[in-house]
Amino acid sequence: MLRVEKLEKRFGGIVALTEYYVQIEQGELMALIGPNGAGKTTVFNLLSGVLKPTNGKIYFQGQDITVKRPDQKAKLGIARTFQNIRLFNELSVTDNIKVAFHMHMGSGLWPTLLHLPRFRRTELEMSRKVDEFLDLLGLQAVRNELAKNLPYGTQRRVEIARALASAPKLLLLDEPAAGLNINETESLKNIITRIHKEYGLTILLVEHDMKMVMAICTRIQVLDRGRVLAVGSPAEIRSDSRVIAAYLGTGNGSGSA
Ligand SMILES: Nc1ncnc2c1ncn2[C@@H]1O[C@H](COP(=O)(O)OP(=O)(O)O)[C@@H](O)[C@H]1O
Ligand SMILES: [Mg+2]
């Protein structure tokens, strides 16, 4: 599904990422972990097209997408959430999801919000999908609330619903559990597992919550200071001495950065 070779990103003199590689198979749920500043979000920015690499190649389903724009990559099936939530604050939960839908289908923001006639047929089909995502993410009770009035944990779930609305093949989740309490994190864990299984999605997850990562991911890649430090199963990563030294610290595999 995704193959990345020798990816590099420099910001002036700063090397944010170098010699980065990854290969993700269809249907995998893989984690990308590492200390703050390791380059995790930079990887997502390069994969989603927000940034252009200074070197290296990105292949998605065999196609070279290294320099494609974010909208082109979204059309091909790469969706992401952001470490810092980006919702339309003045729109309801439902409209936030609908806008993502229409952007994906190329019909744009205003026809969606104005309910223009030529969009009514797709509107029906879309409403069904929106309902499905509201159910899946436990958002039915707040469907008409403005995004800005929602608690942080709920906004995070709206972000995931928005990403799903673009019918992705590869979903990139950037610290979805950041700022969530224990109950919210547990429910998020179940949601990610369900999305992965029910939609057969390929997922790359950046997350500091090691308990969650170890529980749901089959493979983990560790980044440290812009370089790949290790790739392996949760058991391999947990017992890798370089990883313990660089990241896990205590070595019990359940700490957070
Ligand atoms: N737009 C940018 N301009 C300059 N430096 C950046 C930019 N984005 C990230 N960096 C730098 O790249 C490094 C990796 O950052 P980032 O990918 O955000 O790390 P992580 O997500 O793992 O915490 C950091 O040193 C950060 O300061
Ligand atoms: Mg980050």
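Residues numbered from 1 in each chain as written. Chains lettered and ligands numbered in written order. Predicted model: local features only at pLDDT ≥ 70, side-chain atom pairs only at ≥ 80, totals over all residues.

### So, the overall build of the chain
Applicable threshold: Where helices and strands are cited, they refer to DSSP runs of H or I of at least four residues and of E of at least two residues respectively, numbered from the N terminus. For the purpose of contact definition, each residue receives a C-beta atom placed from its backbone, and two residues are in contact when these atoms lie within 7 Å.
Scanning the chain from N- to C-terminus turns up 10 helices and 10 strands. For the chain, long-range pairs separated by at least 24 residues make up 64% of all intrachain contacts whose partners lie at least 6 apart in sequence.

### As for the confidence of the model for the chain
Where we set the bar: What pLDDT reports is the predictor's confidence in each residue, on a scale of 0 through 100.
Predicted confidence across the chain gives a mean pLDDT of 89, with 89% of residues reaching 70 or more. Low pLDDT, under 50, characterises residues 250-257; the stretch is placed with 18 contacts to residues that sit more than four places away or in other chains.

### Considerations on the environment of Pro 176
Cut-off, in case you're wondering: With C-beta atoms placed from the backbone, the exposure class of a residue follows from how many other C-beta atoms lie within 10 Å of its own: 20 or more, buried; 12 or fewer, exposed; in between, partly exposed.
Along the chain, Pro 176 falls in the loop between β7 (170-174) and α7 (182-198). Pro 176 gets classed as buried once you count the C-beta atoms within 10 Å, which come to 25. Separated by 20 residues in sequence, Pro 176 and Arg 156 have C-alpha atoms that sit 6.6 Å apart. With residues near it in sequence (within four places) discarded, Pro 176 still touches Thr 81, Arg 156, Ile 160, Leu 188 and Glu 207.

### Overview of the sheet that holds β7
To be explicit about the condition: For two strands to pair, DSSP has to find at least two bridges joining them. Between N-to-C directions, angles cover 0 to 180 degrees, with each direction set by a line fitted to C-alpha atoms, over the stretch in contact for helices.
With mixed pairing, six strands are arranged side by side in an open sheet as β6-β7-β8-β3-β9-β10. Looking along the sheet, the strands with just one partner apiece sit at the ends: β6 (78-80) and β10 (227-232). When the angles between neighbouring strand axes are averaged without regard to direction, this sheet yields 20 degrees. Relative to strand β8 (residues 202-206), strand β3 (residues 29-33) is paired through four bridges, and the arrangement is parallel. For Leu 29, the partnering residue across the bridge sits in β8 and is Ile 203. On top of the sheet, helix α1 (residues 40-48) reaches β3, β6, β7, β8 and β9 (219-224); it is set at about 150 degrees to β7, its chief contact.

### Let's talk about the environment of Gly 232
Mapping Gly 232 onto the fold places it in strand β10. The exposure class assigned to Gly 232 is partly exposed, which follows from the 15 C-beta atoms found within 10 Å. When the C-alpha atoms of Gly 232 and Thr 218 are compared, they prove to be 8.4 Å apart, with 14 residues separating the residues in sequence. Beyond its immediate stretch of four places on either side in the chain, Gly 232 contacts Arg 219, Ile 220, Ile 237 and Asp 240.

### Here's the deal with the pairing of β3
The element β3 is largely enclosed, with a buried count of five among its five residues. Alternating positions in β3 separate into two faces, Leu 29, Ala 31 and Ile 33 on one and Met 30 and Leu 32 on the other, with burial throughout. Note: β3 against β9, four bridges, orientation parallel. When the sheet's bridge partners are listed, Ala 31 is paired in β9 with Ile 220.

### Observations regarding the environment of Gln 61
Along the chain, the position of Gln 61 falls in the loop between β4 (55-60) and β5 (63-64). Residues Gln 61 and Glu 25 lie 36 residues apart in sequence; the distance between their C-alpha atoms is 9.7 Å.

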